[in-house]
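One letter stands for each residue in the lines below.
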Amino acid sequence: MSDILLDSVLDVVKTLPILALVYALLYWIEARTHTAPALLEKAARFGPICGAIAGAVPQCGFSAAASALYLDGCLAPATLVAVFLATSDEAIPVLLGSGCGLSEVVRLIAVKTVLAIAGGYLLRLTVLRGRAEHSGHTAQPDGCFCCEGSGPAAVLKRTAQTALLLFVVLLFFNSLMFFIGETRISALLLSGSVFQPLLCATVGLLPSCAVSVLLAELYSAGAIGFGSMIAGLSTGAGFGYMILFSDRCKRKNACQIIALTWLLAAAGGVTVQAVFG
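Definitions and limits used
Residues numbered from 1 in each chain as written. Predicted model: local features only at pLDDT ≥ 70, side-chain atom pairs only at ≥ 80, totals over all residues. Heavy atoms only, no water. Helix = DSSP H or I, 4+ residues; strand = E, 2+ residues; numbered from the N terminus. Buried < 20%, exposed > 50% of the residue type's maximum accessible area, 1.4 Å probe, protein only. Contact = heavy atoms within 4.5 Å. Areas by Shrake-Rupley, 256 points an atom, 1.4 Å probe, with all protein chains shown as cover. Core = buried A, V, L, I, M, F, W, Y, C linked by side-chain atoms within 4.5 Å. Axes fitted to C-alpha atoms, helices over the stretch in contact; angles between N-to-C directions. Left-handed = near helix turned anticlockwise from the far one by under 90°. Nonpolar A, V, L, I, M, F, W, Y, C, P; charged D, E, K, R; others polar.

### Re the overall build of the protein chain
Logical step 1: Tallying secondary structure elements over the protein chain gives 14 helices and zero strands in all.
Logical step 2: Reading the protein chain from its N terminus to its C terminus gives the helix and strand order α-α-α-α-α-α-α-α-α-α-α-α-α-α.
Logical step 3: Looking at the protein chain as a whole, 52% of its 277 residues are labelled buried.
Logical step 4: A sequence separation of at least 24 residues applies to 84% of the contacts in the protein chain between residues at least 6 apart.
Logical step 5: For the protein chain, the exposed area adds up to about 12500 Å²; of that, 69% sits on carbon and sulfur atoms.

### Concerning the nonpolar core
Logical step 1: One finds Tyr70, Leu80, Phe84, Leu123, Leu244 and Ile257 to be the most contacted residues of the largest nonpolar core, which totals 31 residues.
Logical step 2: Elements with a minimum of two residues in this core: helix H4 (61-71), helix H5 (77-86), helix H7 (102-125), helix H13 (238-245) and helix H14 (251-276).
Logical step 3: Sequence-distant contacts of Phe84, that is, excluding residues within four places in its chain, are made with Ser63, Ser67, Leu233, Ser234, Ala237, Gly240, Tyr241, Leu244, Ile257 and Thr261.
Logical step 4: The next biggest cluster of nonpolar side chains, apart from the first, holds 22 residues, and it includes Val105, Leu108, Leu215 and Ile224.

### Description of the packing of helix H10 (residues 196-203) against H14
Logical step 1: Two numbers describe how H10 lies on H14: the axes approach to 8 Å, and their chain directions differ by 145°. Here the hand of the crossing between H10 and H14 comes out right-handed. Contacts between H10 and H14 involve Gln196, Pro197, Leu198, Ala201 and Thr202 from the first element and Trp262, Ala266, Gly269, Val270 and Gln273 from the second.
Logical step 2: Here the contact of H10 with H14 is composed, by residue class, of six nonpolar, four polar and no charged.

Set out below in structure tokens:
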């Protein structure tokens, strides 16, 4: 049990610098709202590309940072989905450590980046068409405020609140992973079915960095195909999902974003599985 507690604490600690930096950036932007909208509008057309590139960085805190930017109106939903789809968390170092080779890692990053960019622009042109890249940083219609207070104290307070939420949820899911065991999870995914990417995409929704490690290990062991790993890692933005649900004002939007992420990840995984196996 102490190992579960330690792992949960370490997972949260790894995200603290990024979260603090993002919240500091948000408060800085809010202090300059007369220039931020114009800059965001100019960058909007490249949103999914920038989101995919940022998400490709192997750091589990980026999905949480992107969600924080979205909640503060600095990121379009299509761009947020692109970040989620490109995120690989800790799969890359695990694959390198397992002896898969650099070429396999490059293929993973390339496929997920293409999927993220294509998915982001597809959503912008269809389901999420007309959604603005920014929505302002003042009060929400029902009284919710994106950022309260000002200065370092406000940044630290919001970072601490988010960290506490992450810790509670991670402790729960890490405990679940410990008591169920990787063996049983592996057995669930060893069906060899064409629907395996769908299962992996669903498992990827679990908000824990351990999921990306598990998927990478299963792929290295030959338990799942490349497409299934793509599907699972493309939904593996667990920290980001937790941040989305932390804002009660936008939980309906959060459900839509997660559903769209799952659909694109599952479709991409099935396609990649058919092509690469």
